[in-house]
Amino acid sequence: MENCMEMKINLPEAEMPTQWYNALPDLPTPLAPPLDPQTKEPVTPEQLEVIFPKAVIEQEMSPQRWLPIPQPVLDVYRLYRPTPLVRAKRLEEALGVKCKIYYKNESVSPAGSHKPNTAIPQAYYNKAEGVRRLATETGAGQWGTALSFACSMLDMECTVYMVKVSYDQKPYRRILINAYGGEVFASPSPRTQTGRAMLESDPDCTGSLGLAISEAVEDAATHADTKYALGSVLNHVLHHQTIIGLEVEKQLAMVGDKPDYLVGCVGGGSNFAGLVLPFLPRKLAGEAIEFIAVEPQACPTLTKGQFRYDYGDVAKLTPLLKMHTLGHAFMPAPIHAGGLRYHGDAPIVCNLAAEGLVNAQAYYQTECFEAAKLFLRTEGFLPAPETSHAIKGAIETAKKAKPGESVVFLYSGHGLLDLASYDAFLQGKLSDFAYPEEHIAEALKACPTVG
Ligand SMILES: *Cc1c(COP(=O)(O)O)cnc(C)c1O
C-alpha cells in the first residue's frame, strides 16, 4: 500500500450500493423501544402515522438486515454518488505520521453535506403516499437545504423552522433553501403554539433544535397534507446514511486496504453511524476496528450525558427515546458548529456506546478550527465547522496510530457557506465553551422517570 499512487478512489457508478444496511438485527443488546410520552408504553406504528409515512415507520422498526433502495431514489443519488474516498497524503506529510489517512467526501452533494442521503428517500416515501408538503427543523441550515433540494427533485413543498441563532448568523443557507423553493421561518416563530409560548416567555430566545422540532411536528400534526421529516437521530435516517460506509468498504477493498479507525463527528449521530454501522458485523466478529465519535465540549452528549429515556424536543411532543442526553430543555452555547448542538443522540449510536463499542471524544471549537485550517492548507478544501470536529479527531487518532494503520474519517460537509465563522476564527474572536457539569445535573432533573 505504501507505494500506492492513487489519491482519489472513485467507485464506478455501476458499483453503487443498491441496498441500505439496517444494524438493528445485529445489535448485541436489543434497542430500547420508543415510548409514548403520556402512557410510557411503547409507541405503536399507528401513533407515528400522524407525522410519518407508513414506509418510513416500517423501516424504523424493521428486523430486515438489508433494505432495497427504490429506483427513483437511486436515480437522484446518481447526481452525486458514489462519492470519492480520498487519501489525505499531504495532511499525513504535514503531520509527519506513518499511518494512512483517508477521508470520505460527502461534501460533493448538491446541498454540500451527507444529509441528502436521507432527505431524498424520505421525500420519495412521503410523495408515494400522497403527502404534498414536508415540515422540518434545521440547525445550521444543512438539513433544511438538503430537504428543500430533495423536495424540489420530487416536486413537493417544504417548510423549514430554522434555529434563530443560525437564521441570523447564516443567512446564506436560508437563501439557498428559498432558491430550492422552500419557505423558512426563524424558530421560535409566531406560526405555532409552541413558538408563540416561547416568544412570550423569552422574546430574545435564540432557539434550539429541540424547540424547532416541536414547531415542525406541530405544523405536520395540524395539517392533513403535511408530514414531518427528521434529519438525524431516528433509525430510518441511520439506515439511509449507511450507503456512505458501504461505499467506503468497497473503495478500501479496491486498493486492498481495511480501516483500523473510523472517525466521524456527532450531532444526532447520522453521519457517524452511516460510516461505521456497515463495519459493525466485522467488528463484532473480532476485527480490530475502532469507532471514534467526536462531539463539541459545548454539547458533550456522549461523553457527559446520561443514558436514559428523554424527550426529543422541548415541548415534549415526540416519543421518549433511550439515549445519551443533556436534558431536553438544554439550551446550547452559540458555537459555530450549529449542527452538533442537539441535546440527545441516535438511540442506535447510544446503544453501541453503552456496550463500549464506541470511543467518544469531545473537543473545543477553536482547536477544531485549527485542525480545519491545517486540512484546508494541505488538502485544499474548506470544511464545515461540524466536519472540523471529525478532522480534529482524525488528526489526534493518526498521531497515536501505528505505522501502516488506516484512519478513515467522514468529511460530512463543506464550509463555503460558513465563512462568517472562519472570519471570526481568523480574527481570534472565537471563544471556547465547556458545558458545566452542574447545568447537566440540573437539566437532567427535568427528564421523565420510566419504569
Ligand atoms: C448535520 C451535520 C452534521 C451533524 O449531524 P449528524 O446527524 O450527527 O450527522 C455534521 N456535519 C455536517 C456537515 C452536517 O450538516
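Residues numbered from 1 in each chain as written. Predicted model: local features only at pLDDT ≥ 70, side-chain atom pairs only at ≥ 80, totals over all residues. Heavy atoms only, no water.

- If you check an unreviewed UniProt entry, the chain appears there as Tryptophan synthase beta chain from Solidesulfovibrio magneticus.
- Heading Function (unreviewed entry) of the UniProt record for the chain holds this comment: "The beta subunit is responsible for the synthesis of L-tryptophan from indole and L-serine." (UniProt positions renumbered as here; feature names shortened; annotations may be inferred.)

Considering the overall build of the chain
Moving on, step 1. A count of helical and extended segments in the chain gives 20 helices and 15 strands.
Moving on, step 2. A compact globule built from 451 residues would reach a C-alpha radius of gyration of about 22 Å, and the chain, at 20 Å, matches this within 12%.
Moving on, step 3. Each principal axis of the C-alpha distribution contributes one length, and for the chain these read about 60 × 50 × 45 Å.
Moving on, step 4. The 451 residues of the chain split such that 62% are buried.
Moving on, step 5. Long-range pairs, those at least 24 residues apart, make up 77% of the contacts in the chain between residues at least 6 apart in sequence.
Moving on, step 6. When the accessible surface of the chain is summed, it comes to about 16,500 Å², and 54% of that surface belongs to carbon and sulfur atoms.
Moving on, step 7. Separation of charge centres in the chain, based on 40 positive and 51 negative side chains, amounts to 4 Å. (Helix = DSSP H or I, 4+ residues; strand = E, 2+ residues; numbered from the N terminus. Rg over C-alpha atoms; globule rule 2.2 N^0.38 Å. Buried < 20%, exposed > 50% of the residue type's maximum accessible area, 1.4 Å probe, protein only. Contact = heavy atoms within 4.5 Å. Areas by Shrake-Rupley, 256 points an atom, 1.4 Å probe, with all protein chains shown as cover. Lys, Arg positive; Asp, Glu negative; His and termini not counted. Charge placed at Lys NZ, Arg CZ, Asp CG, Glu CD.)

Regarding the sheet that holds strand β10 (residues 261–265)
Moving on, step 1. As summarised here, the arrangement of the seven strands in space is β1-β4-β5-β15-β10-β11-β14, forming an open sheet in which the pairing is mixed. What marks the edges here is a single partner per strand, and that holds for β1 (8–9) and β14 (359–363).
Moving on, step 2. Where helix α12 (residues 243–254) meets the sheet, its contacts fall on β1, β4 (85–87), β5 (100–105) and β15 (406–411), and the angle it forms with β5 comes to roughly 135 degrees.
Moving on, step 3. Packing of helix α17 (residues 365–379) onto the sheet brings it into contact with β4, β5, β14 and β15, and relative to β14 it is tilted by some 95 degrees. (Pairing = 2+ DSSP bridges. Axes fitted to C-alpha atoms, helices over the stretch in contact; angles between N-to-C directions.)

A word on the site of the ligand
Moving on, step 1. Near the ligand lie 19 residues; those nearest to it are K115, S232, G267, N271 and S412.
Moving on, step 2. Between H114 and the ligand, the recorded distance is 3.0 Å, taken from a side-chain N or O atom to an oxygen atom.
Moving on, step 3. With respect to the ligand, the backbone of G267 contributes an N or O atom lying 2.7 Å from an oxygen atom.
Moving on, step 4. Broken down by secondary-structure element, the contributors of at least two residues to the shell around the ligand are α13 (270–276) and α18 (385–400). (Near = heavy atom within 4 Å. Polar contact = N/O pair within 3.5 Å; in protein donor to acceptor, adjacent residues only side chain to side chain.)

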